[in-house]
Amino acid sequence: MTTAPTPVPTTPAATDPGGGAGASRTATTTTPTPRRPRAPRLRGGSWLATVPLFLFFAIGFGLPAVAIVIGAFTTSSDADGGAGQFTFDNVTASLQGAYWTAMVSSLKLSALTALLSTVIGLPIAQAVVTSRHTWLRQAVLTASGVLANFGGLPLAFAFVATLGNAGEITKLLHLTDHGWSLYTFTGLTIVYLYFLVPLMVLTITPALDGLRVQWREAAHNNRATTVQYWRHVALPILLPSLLGGFVLLFGSAFAAYATAAAMVGATVPLISRSIADALSGNVLVGQGNLALALSLNMIVVAVLVMAVYLPLQRRSARWLS
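**Student:** Now, about the nonpolar core: what can you tell me, with residues and values included?
**Tutor:** Within the largest apolar cluster, 49 residues are counted, with the highest numbers of intra-cluster contacts made by Leu188, Tyr192, Ile204, Leu208 and Met263. Going through the elements one at a time, helix 3 (97-130), helix 5 (153-163), helix 7 (185-209), helix 9 (226-255), helix 10 (258-263), helix 11 (271-279) and helix 12 (290-320) are the ones with two or more residues in this core. Setting aside residues up to four positions removed in sequence, Met263 forms contacts with Ala156, Phe159, Val160, Leu182, Tyr183, Gly187, Leu188 and Val191. Counting residues in each nonpolar core, the second largest holds five residues, with Ile68, Val91, Ala293 and Leu296 among its members.

**Student:** Residue-level account of the packing of aromatic side chains, with values.
**Tutor:** Under the criterion given, the structure shown has 10 aromatic pairs. A centroid spacing of 5.7 Å and a plane angle of 85 degrees characterise the contact between Phe73 and Phe88, whose relative ring orientation is edge-to-face. Here Phe88 lies in the loop between helix 1 (51-72) and helix 2 (89-94) and Phe73 lies in the loop between helix 1 and helix 2, a separation of 15 residues in the sequence. Seen in terms of ring centroids, Phe250 and Phe254 are 6.1 Å apart; in terms of plane orientation they differ by 10 degrees. Their pairing is stacked. Here the residue Phe250 and the residue Phe254 both occupy positions in helix 9, the gap between them amounting to four residues, near one helical turn. Both residues of the pair, Phe250 and Phe254, belong to the buried class. Here the aromatic residues Phe56, Phe57 and Phe61 are joined through ring pairs into a cluster of three or more.

**Student:** Now, about the confidence of the model for the protein: what can you tell me, with residues and values included?
**Tutor:** Residues with a pLDDT of 70 or more make up 80% of the protein, whose mean pLDDT is 81. Across the protein, the element-wise mean pLDDT spans from 82 in helix 12 up to 93 in helix 3. Taken as a whole, residues 6-29 scores under 50 in pLDDT and shows eight contacts with residues more than four places along the chain or in a different chain.

**Student:** Any chance you could break down the environment of Val233 for me, citing the residues and the numbers?
**Tutor:** Its place among the elements puts Val233 in helix 9. When its relative accessible area of 23% is taken as the criterion, Val233 is described as partly exposed. Counting along the chain gives 14 residues from Val233 to Ala219, while the straight-line C-alpha distance between them is 8.2 Å. In contact with Val233, other than residues within four places in its own chain, are Trp215 and Gln228.

Each value, and the rule that gives it
Residues numbered from 1 in each chain as written. Predicted model: local features only at pLDDT ≥ 70, side-chain atom pairs only at ≥ 80, totals over all residues. Heavy atoms only, no water. Core = buried A, V, L, I, M, F, W, Y, C linked by side-chain atoms within 4.5 Å. Buried < 20%, exposed > 50% of the residue type's maximum accessible area, 1.4 Å probe, protein only. Helix = DSSP H or I, 4+ residues; strand = E, 2+ residues; numbered from the N terminus. Contact = heavy atoms within 4.5 Å. Phe/Tyr/Trp six-rings, centres within 6.5 Å; stacked < 30°, edge-to-face > 60°. pLDDT = per-residue confidence, 0-100.

Now the structure itself:
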């Protein structure tokens, strides 16, 4: 009696990792596409932490801004027709005569000091960044932080005692014999540079730290000189940061008041000084809200400055991140 052979099930041959002849098929592996991490969302209770900030902003900036806008376009209490009537006379008067001269002088002073501070502050910051001495970097940045916030009456007194008509350096070098006077547009420009140059050093140093060493090495490997590297590589990358620093310095100089008021008074017409004179009563009858119109002009300039500064800051961060 014979028994029929039992059929044995066949299995597919194992895949040969070497791709040999015994391989029946090749396994394919797919790498899953990584998902982009979602930005963290603030929970309902987390928004409560921002309430004090928005409340402070509304009380400290919002209400005064609304009051300035309303007062600039309404008549004052000493007007003939009564207070609270809509008018363009305040704004029109703020853009004419001595007030317009003060606005133009403030714009010139701010632009000139911001430009000079940018040109002077860039090489100083570059020397600090490339220095091998850590103590030098710390000393310069610390001093810049102190000097950038040194202003007002102490700064005016320091320059009057040093470079005034009876100042120590003025008498030592006989500067008055050469026509020097601190209480002029040139003298005020030098005083503004005292705190604007350190501010520029603090502003541009992070951007200089963002310049990669590989970019300089690649330029030198392609036989580029130092001037060519700065002209074609470094300066185009730093341009948004430089323009942003210039705009920031322009806004700081435009809003400065105490130093100029204590040092030059009315010798150099400035818009901030004109506002102080209007608030103190040095205005025409019926134009008590003229100071609010002058303040509105300064707010418009400040808004334009911020509108230029914020896009430049974002572009610079995108390049150097």
